[in-house]
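Here are the chains, one letter per residue:
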Amino acid sequence: MNFLEKRILQEGIVLSDTVLKVDAFLNHQIDPLLMKEIGAEFAERFKEDGVTKILTIESSGIAPAVFAGLALGVPVLFARKKKSLTLHEGLLTSKVFSFTKQEESEISISSKFLRRNERVLIIDDFLAHGEAASALCELAENAGAAVAGIGIVIEKSFQQGREKLEQEGYKIESIARIQSMNENGIQFVCGEKE
Ligand code: 5GP
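Residues numbered from 1 in each chain as written. Predicted model: local features only at pLDDT ≥ 70, side-chain atom pairs only at ≥ 80, totals over all residues. Heavy atoms only, no water.

### Quick word on the packing of helix H1 (residues 3-11) against helix H2 (residues 32-45)
Where H1 meets H2, the axes come as close as 11 Å, and the angle between the chain directions of the two elements is 145°. Handedness of the H1/H2 crossing: left-handed. Judged by residue contacts, Phe 3, Leu 4 and Arg 7 of H1 engage Leu 34, Glu 37, Ile 38 and Glu 41 from H2. A per-class count over the contact of H1 with H2 returns four nonpolar, no polar and three charged. (Axes fitted to C-alpha atoms, helices over the stretch in contact; angles between N-to-C directions. Helix = DSSP H or I, 4+ residues; strand = E, 2+ residues; numbered from the N terminus. Left-handed = near helix turned anticlockwise from the far one by under 90°. Contact = heavy atoms within 4.5 Å. Nonpolar A, V, L, I, M, F, W, Y, C, P; charged D, E, K, R; others polar.)

Okay, structure coming up:
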């Protein structure tokens, strides 16, 4: 079991068979030391992929993305979920269906910060059905950049996200991979890196 899996067992709350709450260290209160370790782990796993920029989505992707950016020495861009008054020039948008909110929304970035020939690492807090990660890949590709890979903090491997993104040809690295969860506990996919 790795450092993140241990932490999930200690502080994660299983809300249902499909939803995990980790507001003690990631989704509400943030543990900077844990984020630093997560950032270093992403940097190790993507060090050969020529990453020039990290792209994530507000708000819970930002903390792990910033620490990955620090470890890789690259800037971090986050897609906005709400239109900003100051963000209008060269706006790139993509639609995303939210698993937790069960509604469709539009995410956007300014093309000014994502150029052709960049190699983008997508980072997000959770992987469920792959909607958020797919929308981020679409934003990067619409900007003419290449997706170097997708880094996920917590993957729920019993949902279809990984399969869908792998079929699209993306490299995916998840620090914790949940095989199943219920009121009796959480099981992780075996064979993950210690
Ligand atoms: P997907 O787009 O892959 O279906 O879902 C991923 C997004 O939904 C993530 O950005 C995350 O914010 C949210 N999400 C999905 N599953 C969970 C979960 O079990 N717990 C929490 N806290 N967020 C989740």
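### Quick look at the nonpolar core
Side chains that are nonpolar tend, in soluble globular proteins, to be buried together. One finds Leu 4, Ile 8, Leu 20 and Ile 154 to be the most contacted residues of the largest nonpolar core, which totals 30 residues. Secondary structure elements with two or more residues in this core: H1, H2, helix H3 (62-72), strand S7 (119-127), strand S8 (146-156), strand S9 (172-182) and strand S10 (185-188). Excluding residues within four positions of it along the chain, Ile 154 makes contact with Leu 4, Ile 8, Leu 20, Val 22, Leu 26, Asp 125, Phe 126, Leu 127, Ala 176 and Ile 178. Among the nonpolar cores identified, the runner-up in size contains 27 residues, and Leu 77, Ala 132, Leu 136 and Tyr 170 belong to it. (Core = buried A, V, L, I, M, F, W, Y, C linked by side-chain atoms within 4.5 Å. Buried < 20%, exposed > 50% of the residue type's maximum accessible area, 1.4 Å probe, protein only.)

### Focus: the side chain of Asp 125
Position of Asp 125 among the secondary structure elements: in strand S7. Lys 81 provides the closest opposite charge to the buried, salt-bridge-free Asp 125, at an N-O distance of 7.4 Å. Among residues more than four places away in sequence, those in contact with Asp 125 are Leu 26, Asn 27, Ser 60, Gly 61, Ile 152, Val 153 and Ile 154. (Lys, Arg positive; Asp, Glu negative; His and termini not counted. Salt bridge = Lys/Arg side-chain N within 4 Å of Asp/Glu carboxyl O.)

### As for the site of the ligand
The environment of the ligand is formed by 16 residues, the closest being Leu 20, Asp 124, Gly 130, Ala 132 and Lys 156. Here a nitrogen atom of the ligand and a side-chain polar atom of Asn 27 are 3.1 Å apart. Taking Gly 130, its main chain carries an N or O atom lying 2.7 Å from an oxygen atom of the ligand. Contact with the protein chains hides 88% of the accessible area of the ligand, taken as 500 Å² for the molecule alone. Among the elements that line the shell around the ligand, the one with the most residues is S7, at four residues. (Near = heavy atom within 4 Å. Polar contact = N/O pair within 3.5 Å; in protein donor to acceptor, adjacent residues only side chain to side chain. Areas by Shrake-Rupley, 256 points an atom, 1.4 Å probe, with all protein chains shown as cover.)

### A few points about the side chain of Asp 124
The residue Asp 124 is located in strand S7 in this model. Contacts of Asp 124, omitting those with residues within four sequence positions, involve Thr 56, Ile 57, Gly 61, Ala 132, Gly 151, Ile 152 and Val 153.

### A word on the UniProt feature "binding site: 5-phospho-alpha-D-ribose 1-diphosphate" (unreviewed entry) in the protein chain
Residues given the UniProt feature "binding site: 5-phospho-alpha-D-ribose 1-diphosphate" (unreviewed entry) here are Ala 128, His 129, Gly 130, Glu 131 and Ala 132. Those annotated residues lining the largest pocket are, specifically, Ala 128, His 129, Gly 130, Glu 131 and Ala 132. Tracing the sequence through the fold places Ala 128 in the loop between S7 and helix H4 (131-142). Ala 128 gets classed as buried once you look at its relative accessible area, which sits at 10%. Non-local contacts of Ala 128, meaning those with residues more than four positions away in its chain, are made with Phe 99, Lys 156, Gln 159, Gln 160 and Gly 161. When you line up the elements, Glu 131 lands in helix H4. With sequence-adjacent residues up to four places away left out, Glu 131 is seen in contact with Val 96, Phe 97 and Lys 164. (UniProt positions renumbered as here; feature names shortened; annotations may be inferred. 1 Å grid on protein atoms, 1.4 Å probe; cavity = no way out; pocket = protein on both sides within 12 Å on 5 of 7 lines; lining within 4 Å.)

### A few points about the packing of H2 against H3
In contact at an axis separation of 7 Å, H2 and H3 are set at 55° when each is read in the N-to-C sense. Considering the angle they form, H2 stands oblique to H3. Pair H2 / H3 crosses with right-handed handedness. Seen from H2, the contacting residues are Pro 32, Met 35, Lys 36, Ile 38, Gly 39, Ala 40, Phe 42 and Ala 43; seen from H3, they are Ala 63, Pro 64, Phe 67, Ala 68, Ala 71 and Leu 72. Within the contact of H2 with H3, the residues separate by chemical class into twelve nonpolar, one polar and one charged. (Parallel < 35°, antiparallel > 145°, perpendicular 65-115°, else oblique.)

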